[in-house]
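What follows is each chain in one-letter form.
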Amino acid sequence: MKDTIRRGAADFLNYKYLHGICVITIALSVFVISAFGLFLINAGDLMVSWKKGIRIIAYLEPGADEETRDLIIGEMETYPEVAGVEYVSSGEALDWLKEEIGRQTALLEGLTDNPLPDAVEVSLSGDIDGADAISSLAARMEGLDGVADVEYARKWIERFGGIYNLFRLTSMILIGLIVSAVMMIVANTIRLILYSRIDEIKITRIIGADDAFIKYPLYFEGMMLGFLGGLAGLVLLYAAFFITVPQLSSAGLLVYFQVRFLPWNLVLLILLISMTVGWIGCYFSIRRFLRF
Amino acid sequence: MKDTIRRGAADFLNYKYLHGICVITIALSVFVISAFGLFLINAGDLMVSWKKGIRIIAYLEPGADEETRDLIIGEMETYPEVAGVEYVSSGEALDWLKEEIGRQTALLEGLTDNPLPDAVEVSLSGDIDGADAISSLAARMEGLDGVADVEYARKWIERFGGIYNLFRLTSMILIGLIVSAVMMIVANTIRLILYSRIDEIKITRIIGADDAFIKYPLYFEGMMLGFLGGLAGLVLLYAAFFITVPQLSSAGLLVYFQVRFLPWNLVLLILLISMTVGWIGCYFSIRRFLRF
Amino acid sequence: MKKMPFDPERTIIRLYDVSKYFGETDALVNVTFDVCRNEFFFISGPSGAGKSTLMKLLYLEEHMSSGYAIVDGMNLARIRRNQVPMLRRRLGIVFQDYKLIPNKSVFDNVGLVLEVAGIRSRKTVRDRVMDVLEKVGMADRHDAFPPTLSGGEQQRVAVARAMVGNPSLILADEPTASLDPEAAEMIFDLLVSAHSEGTTIVITTHDRYLLSKGCTGSIYLKKGQCEGPDGACR
Amino acid sequence: MKKMPFDPERTIIRLYDVSKYFGETDALVNVTFDVCRNEFFFISGPSGAGKSTLMKLLYLEEHMSSGYAIVDGMNLARIRRNQVPMLRRRLGIVFQDYKLIPNKSVFDNVGLVLEVAGIRSRKTVRDRVMDVLEKVGMADRHDAFPPTLSGGEQQRVAVARAMVGNPSLILADEPTASLDPEAAEMIFDLLVSAHSEGTTIVITTHDRYLLSKGCTGSIYLKKGQCEGPDGACR
Ligand SMILES: Nc1ncnc2c1ncn2[C@@H]1O[C@H](COP(=O)(O)OP(=O)(O)OP(=O)(O)O)[C@@H](O)[C@H]1O
Ligand SMILES: Nc1ncnc2c1ncn2[C@@H]1O[C@H](COP(=O)(O)OP(=O)(O)OP(=O)(O)O)[C@@H](O)[C@H]1O
Ligand SMILES: [Mg+2]
Ligand SMILES: [Mg+2]
């Protein structure tokens, strides 16, 4: 084991040019994937912030007392999909309606009697998923004692939900395709590097090395390549991130939400995956070269 | 020239393994980039379809006659940003308002006199750009004789415009980064392939070949690699597209808009670029190898 | 040619009716001979006669097309894949084209044989490698890389690598081709002294001078066939 | 050693006080000699003496550390980068390690010299290549790839490649090292017949047999230095 690592490390230094190119390729690959991942994560955040803007209004039965109202509010606050519950009295509702209707307030000026009921407005947490979840939430709210009616922008939500699902699904397919394409690119690069070393491998075999003697240091090298490449790719992404984001901010594009970098666990996952790909690339390429 | 191509083609067949790997790498690279491009194009279409949903309402002065109204409509139809103009009588507007307010129509039931003015509703073409353009269009509309007032969802449009700009800018940055990363990957692969052929190049030089004799067939090979790789990548994308899209449709995700493949001119551009990258990759790598 | 009784204590190599075809080229045709333990055995013949091919069959770089062969107790026709490295580690091989690893120093090239054989002690490796490099006159170039060596120097390193593991059988394919007569004599003397310590030596050569020196047995190949009295090998 | 008057009609190679150092290795030290046109010139010396290095200086694979050299009218110290291929195309070189391109057939390897020289007629190339392969006895293997050839066969292809362009100067680095005496004689005779047609031949060798054959001039190198009467080269 110690010996494997020693020989792997020695070889690693022995092929500076080849390994340099391989690390660069892996770094660029990791960069591409994680840049795309970063983009999707932030687009997802954006979607969540949109979802948080959704409101469901529950109209209370006329003349519902304070107790019923508190009960309803308390119940709604226990729903996991619900981020906040706010009581809107009929007076507030009328003011809001006037504002909504805008310039045609003339229409409502003649009213002396407020025909609107009291209501409870519910805002959603970001992790509710799809139009169905929202309509089932609405149905649950409607079933509560003291709730007369529930209203929300069903059409808009359905449309939005459709688009969001489309975006999420296509970007998942896309990232799947990109990740596999990039893994194959990395495997190809490792294959080319092993190809350049085929003479060395052949000679080592013919003076009596068994497969293990040849394979394990190469696996170690593959993992090192993956690790260094992954690290370099992430550093590159971090640099690009810290050059780009302040410029987006200063261009006034980031007023509605916060752009964030990849979370730590994803960074570790990427490193792990790039090490694994380095190893797998070696694993499958070597099989071909050990046939001699 | 004929000779260069003959030798290039012969060499091309001479290194099947290396060139196979190179073509695969370029194909995967082109696939990644063009998949991402496809994604962005369709996301852009989605944005455009959203923008087309924007409506600007111009309220006419009370008692405007039919002539004024037609004049206004005619004028608005000449604006390039405008896709359609529709007249909405005050009666229609009231119906629409009732629908909008939803369950609280009780509120409006008492009205016998319609307080709403006649209006003209304008829908936008997809190529209007940003909130500023929309507000300038609104200002122009407001300046027309016979228009009392203009109303549109300013806040919503501003927010939407911000998000759209953010999406567009970041995806442009992203595609720029990805394209350069992938070009470097391709150049690296070509470098590795030339590295595997370094002995041949050295020998050819030492028996008297000048740089031109060595370079031009390699340039030709690089362009061939780029072309074949680009073609393969696009075919791959096309295949992925035709597997994915029907599934998206049948999953009911494509009800709001049509997904389309890359347009022909972009396909040609991608082929051209991948040939150029193949050539450039050769160009810069050879310089290093001709130093011997 | 009768099949002789086989005594693994006595016979280290037995080839019986071995042929090797490369497509239409008949590199070896029905070659039959034995090499006894502690022989000093010559294989000679003109260019393209099949000498190197014969060597390659013995260390399994190539596989014979037909026939039957035993090397150091192992039946080459039936050997399992994982036994091949074991066989090779018992041999010391000088390749006609040297087969030195260009990215490794002379020291590491020679030391690799010991590493492959599982010797982990850095000191043992160092001592044995420097010792054998000293013998072939390359000790002062131990940290050079093969591409910077002259042809003869590379060949001497190749000989050193074949000898460093003290193998019981040395297969040397034209080990003195690139050497001047003095250096060739030095290498030959080295092989002679290994022989006197009990090693079996098989050399291919067309060096008239070497051939004039003593050997305990030899065959002459021509176009893949043994040429000897009445078509027999020895 | 006095600098002799230089007559480019008479002298094809002049080395004056040429040295070549590789780091601490002195491959050549103050070597001075002339080779006249149509000479048959031998360079001999033990392994590592600097013979190949000397050759490499002549075709500019290496650049001399100091001194002054003219090859076929070109001053090697002042030659421009784009003149190097022109010089090389006038030479026929047999490399000690053959330097055949493994992915090209024997025919293409030899034909490459003609392509490089700008001969476009497929028929001319074909005739000349097959002719010279015939002469070295490799015509029947013209579509084989070098790794499938025996050492001696590769060497003969290397000789064929050096001769195919009818160069005015052939530099042959141990062109018979891997050959049996008969094949060596054949190659030597080929060089002799080229010589009789006016080609200048420079051969490095340590083949006693070749050295015993006639030559019109020779030097003996040892540790990079000429060894001759009073330290002079010839
Ligand atoms: N892999 C191969 N494919 C096809 N032919 C081969 C292969 N290896 C060897 N040969 C042919 O087999 C014959 C014997 O080759 P071998 O290398 O054994 O000759 P040799 O006796 O070692 O000659 P030399 O003295 O020149 O080294 C040659 O004609 C050679 O071209
Ligand atoms: N690129 C290099 N770097 C360092 N040392 C070198 C290099 N090339 C040659 N040498 C050294 O220079 C010396 C002369 O080498 P050269 O190849 O000229 O010897 P040679 O006379 O051709 O020997 P041989 O008969 O063995 O081929 C040798 O000791 C060699 O190790
Ligand atoms: Mg041989
Ligand atoms: Mg030499």
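Up top is the structure these notes are about.
Read on for an overview of the structure. (Residues numbered from 1 in each chain as written. Chains lettered and ligands numbered in written order. Predicted model: local features only at pLDDT ≥ 70, side-chain atom pairs only at ≥ 80, totals over all residues. Heavy atoms only, no water.)

1. What to know about the overall build of chain C
Part 1 of the argument: Broken down by element type, chain C carries seven helices and ten strands.
Part 2 of the argument: The C-alpha atoms of chain C give 17 Å as radius of gyration, which agrees with the globular expectation for 234 residues (17 Å, within 12%).
Part 3 of the argument: Projected onto its principal axes, the C-alpha positions of chain C cover 50 × 40 × 35 Å.
Part 4 of the argument: Evaluated residue by residue, chain C yields a buried proportion of 57% over its 234 residues.
Part 5 of the argument: Pairs at least 24 apart in sequence give 68% of the contacts found in chain C among residues at least 6 apart. (Helix = DSSP H or I, 4+ residues; strand = E, 2+ residues; numbered from the N terminus. Rg over C-alpha atoms; globule rule 2.2 N^0.38 Å. Buried < 20%, exposed > 50% of the residue type's maximum accessible area, 1.4 Å probe, protein only. Contact = heavy atoms within 4.5 Å.)

2. Notes on the packing of helix H1 (residues 2-14) of chain B against helix H9 (residues 211-250) of chain B
Each packed pair of helices is defined by two parameters, the angle between the axes and the distance between the axes.
Residues and elements named next belong to chain B.
Part 1 of the argument: Remark: H1 packs on H9, axes separated minimally by 8 Å, with the N-to-C direction vectors making an angle of 60°. With respect to their mutual orientation, H1 and H9 come out oblique. Two packed elements cross with a definite hand, and for H1 against H9 that hand is right-handed. Contact residues: Thr4, Ile5, Arg7, Gly8, Ala9, Asp11 and Phe12 in H1; Phe213, Tyr216, Pro217, Phe220, Glu221, Met224, Leu225 and Leu228 in H9. (Axes fitted to C-alpha atoms, helices over the stretch in contact; angles between N-to-C directions. Parallel < 35°, antiparallel > 145°, perpendicular 65-115°, else oblique. Left-handed = near helix turned anticlockwise from the far one by under 90°.)

3. A closer look at the interface of chain C and chain A
Part 1 of the argument: Across the boundary between the two partners, chain C contributes 20 residues, which contact 18 residues of chain A.
Part 2 of the argument: Interface area, chain C with chain A, both sides summed: about 1800 Å², of which 57% is carbon and sulfur.
Part 3 of the argument: Area buried by chain C at its contact with chain A is led by Arg81, Arg88 and Asn103 of chain C, which between them contribute 28% of it.
Part 4 of the argument: Taken together, the connections running from chain C to chain A amount to six salt bridges.
Part 5 of the argument: Notably, a salt bridge pairs lysine 104 of chain C with aspartate 11 of chain A, separated by 3.5 Å at the nearest N-O pair. (Buried area = accessible area lost by both parts, 1.4 Å probe. Salt bridge = Lys/Arg side-chain N within 4 Å of Asp/Glu carboxyl O.)

4. Brief notes about the pairing of strand E8 (residues 200-204) of chain D
Residues and elements named next belong to chain D.
Part 1 of the argument: With respect to burial, E8 is a largely interior element, five of its five residues being buried.
Part 2 of the argument: Here E8 shows two buried faces, one formed by Thr200, Val202 and Thr204 and the other by Ile201 and Ile203.
Part 3 of the argument: By the bridge criterion, five bridges tie strand E7 (residues 169-173) to E8 in an arrangement that is parallel. Residue leucine 171 lies in a different strand from E8, and its bridge partner there is valine 202.
Part 4 of the argument: Between the parallel pair E7 and E8, the chain is carried across by helix H6 (residues 181-196), and the sense of this crossover is right-handed. (Pairing = 2+ DSSP bridges. Right-handed = clockwise from strand over helix to strand, strands pointing away.)

5. Thoughts on the coordination of the magnesium ion (ligand 4)
All names here are of chain D.
Part 1 of the argument: Only Ser52 (OG) and Gln96 (OE1) from the protein coordinate the magnesium ion (ligand 4), and they sit 1.8 to 2.1 Å from it. Highlighted residues: serine 52 in helix H1 (residues 51-58) and glutamine 96 in the loop between strand E6 (91-94) and helix H3 (106-116), separated in sequence by 44 residues. The two residues serine 52 and glutamine 96 agree in class, both being buried. (Donors = N, O, S within 2.8 Å, 3.2 Å for Na, K, Ca; no water.)

6. Overview of the environment of glutamate 174 of chain D
Part 1 of the argument: By the secondary structure assignment, glutamate 174 of chain D is in the loop between E7 and H6.
Part 2 of the argument: Residue classification places glutamate 174 of chain D among the buried positions, given a relative accessible area of 4%.
Part 3 of the argument: Apart from the residues within four sequence positions on either side, glutamate 174 of chain D is in contact with Ser178 of chain C together with Lys51, Gln96, Gln155, Thr204 and His206 of chain D.
Part 4 of the argument: A polar atom in the side chain of glutamate 174 of chain D sits 2.7 Å from the side chain of histidine 206 of chain D. (Polar contact = N/O pair within 3.5 Å; in protein donor to acceptor, adjacent residues only side chain to side chain.)

7. Re helix H5 (residues 151-164) of chain C
Part 1 of the argument: Helix length check: H5 of chain C, at 14 residues, gives a terminal C-alpha distance of 20 Å against a target of 20 Å (1.5 Å per residue), a fit within 8%.
Part 2 of the argument: Among the 14 residues of H5 of chain C, 14 are classified as buried, and the element is accordingly described as predominantly covered. (Expected span 1.5 Å × (residues − 1).)

8. What about the site of ligand 2?
Part 1 of the argument: Close to ligand 2 lie 19 residues, the nearest being Arg141 and Glu153 of chain C together with Lys51, Ser52 and Thr53 of chain D.
Part 2 of the argument: The environment of ligand 2 is shared, with nearby residues belonging to chains C and D.
Part 3 of the argument: Contact between ligand 2 and threonine 148 of chain C: a nitrogen atom at 3.1 Å from a main-chain N or O atom of the residue.
Part 4 of the argument: Between an oxygen atom of ligand 2 and a side-chain N or O atom of serine 52 of chain D, the distance comes to 2.6 Å.
Part 5 of the argument: Here ligand 2 has 630 Å² of accessible area as a free molecule, and 91% of this is covered by the chains.
Part 6 of the argument: Every element with two or more residues in the shell around ligand 2 is listed here: H5 of chain C together with strand E2 (25-36) and H1 of chain D. (Near = heavy atom within 4 Å. Areas by Shrake-Rupley, 256 points an atom, 1.4 Å probe, with all protein chains shown as cover.)

9. A closer look at the packing of aromatic side chains
Part 1 of the argument: For the coordinates displayed, the defined rule picks out 35 aromatic pairs over all chains.
Part 2 of the argument: Aromatic side chains phenylalanine 241 of chain B and phenylalanine 242 of chain B sit 5.4 Å apart centroid to centroid with 70° between the ring planes, which places their arrangement in the edge-to-face category.
Part 3 of the argument: Given a relative accessible area of 11%, phenylalanine 241 of chain B falls into the buried group.
Part 4 of the argument: Given the relative accessible area of 48%, phenylalanine 242 of chain B is considered partly exposed.
Part 5 of the argument: Relative to phenylalanine 95 of chain C, the ring of tyrosine 59 of chain C lies with its centre 5.4 Å away and its plane at 90°, an arrangement referred to as edge-to-face. In this pair, tyrosine 59 of chain C sits in the loop between helix H1 (51-58) and strand E4 (66-71) while phenylalanine 95 of chain C sits in the loop between strand E6 (91-94) and helix H3 (106-116), placing the two residues 36 residues apart along the sequence.
Part 6 of the argument: Here a set of aromatic residues connected by ring pairs shows up, and it is made of Tyr216, Tyr219, Trp279, Tyr283 and Phe284 of chain A.
Part 7 of the argument: Residue placement shows arginine 140 of chain A over the ring face of tyrosine 79 of chain A; its charged tip is 4.8 Å from the ring centre.
Part 8 of the argument: Lying across the ring of tyrosine 87 of chain B, arginine 69 of chain B places its NZ or CZ 3.9 Å from the centre. (Phe/Tyr/Trp six-rings, centres within 6.5 Å; stacked < 30°, edge-to-face > 60°. Lys NZ or Arg CZ within 6 Å of the ring centre and 35° of its normal.)

10. Considerations on unusual backbone geometry
Residue and element names in this part refer to chain C.
Part 1 of the argument: Even without being a glycine, leucine 60 presents a positive backbone phi close to 65°.
Part 2 of the argument: Here leucine 60 is to be found in the loop between H1 and E4.
Part 3 of the argument: Residue leucine 60 is classed as buried on the basis of its relative accessible area of 6%.
Part 4 of the argument: A positive phi is found at asparagine 166, a non-glycine position, where the angle reads about 45°.

11. A look at helix H10 (residues 264-289) of chain B
Part 1 of the argument: Helix length check: H10 of chain B (26 residues) gives 38 Å between terminal C-alpha atoms against 38 Å at 1.5 Å per residue, within 8%.
Part 2 of the argument: Along H10 of chain B, the positions that sit buried rather than exposed are Val267, Ile270, Leu271, Ser274, Val277, Gly278, Gly281, Cys282, Ser285, Ile286 and Phe289 of chain B.

Keep in mind these values describe shape, not function.
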